[in-house]
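Structural overview for review
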Amino acid sequence: MLKCQKCDRQATFHITDLIDGKPKELHLCEDCAQNFLTPSEEDTSDVMPAMAGLLAQHLAVGETADQLARLDQMRCPVCSITFLEFRKQGRLGCPHDYEFFSDELEPLLMNIHDQTHHIGKVPKRCPKGADQQTQLIRLRREMKEAIASENYERASQIRDEVKAIEVQLKTAEDGE
């Protein structure tokens, strides 16, 4: 049993941090991990504006103030986060945001990670069909909107898409 490196309680979080390109392992209890992973007000005030400034640099090339204002109003159809909220918080709201804001995020990701797609490990508990689950959420919301606007033909098309995806997910589950 590993002990927390900060307070000697049982470590339940094992974090690998890259410092100067070398991995450093931290073993922390839940409380210490929360403190470690949650930036302090001081850190947030330093890091977030820097990130926002970096993002603004990438966006400002060839962009007018009107274009940036329109970009800030873009809203993810799944989680409803606006691009302005992302710029202020430095965090996206859901996995679909990477697709929805892809044109704006690609230069930023290339600058930070030298990659635009994930090439690392995936958690073992990661649900298979997570993209399909996200698509189901979006389609169900669209179906409700179609019904609310009395566009029943579109609602029935969406219903059929939902059923097809659910069948695919069920087939994948039965195959395991």
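Attention here is on the structure that accompanies the text. The shown structure was predicted, so the numbers you read here are calculated from the model rather than taken from an experiment. (Residues numbered from 1 in each chain as written. Predicted model: local features only at pLDDT ≥ 70, side-chain atom pairs only at ≥ 80, totals over all residues. Heavy atoms only, no water.)

We now examine the overall build of the chain. Secondary structure assignment for the chain yields eight helices and two strands. Ordered by position in the sequence, the α and β elements of the chain form the string β-β-α-α-α-α-α-α-α-α. The 176 residues of the chain split such that 22% are buried. Considering only residue pairs separated by 6 or more positions, the chain has 34% of its internal contacts joining residues 24 or more positions apart. Counting every atom, the chain has about 13,000 Å² of accessible surface; 51% of that belongs to carbon and sulfur. (Helix = DSSP H or I, 4+ residues; strand = E, 2+ residues; numbered from the N terminus. Buried < 20%, exposed > 50% of the residue type's maximum accessible area, 1.4 Å probe, protein only. Contact = heavy atoms within 4.5 Å. Areas by Shrake-Rupley, 256 points an atom, 1.4 Å probe, with all protein chains shown as cover.)

Let us look at the pattern of salt bridges. Scanning the entire structure with this criterion turns up seven salt bridges. R9 serves as the salt-bridge partner of D31, at 3.1 Å between the closest nitrogen and oxygen. Here D31 is found in helix α1 (residues 30-37), whereas its partner R9 is found in the segment before β1 (13-19), with 22 residues between them in sequence. We classify D31 as partly exposed; its relative accessible area is 45%. Note that R154 and E161 form a salt bridge whose closest N and O atoms lie 3.7 Å from each other. A relative accessible area of 28% means that R154 is categorised as partly exposed. (Salt bridge = Lys/Arg side-chain N within 4 Å of Asp/Glu carboxyl O.)

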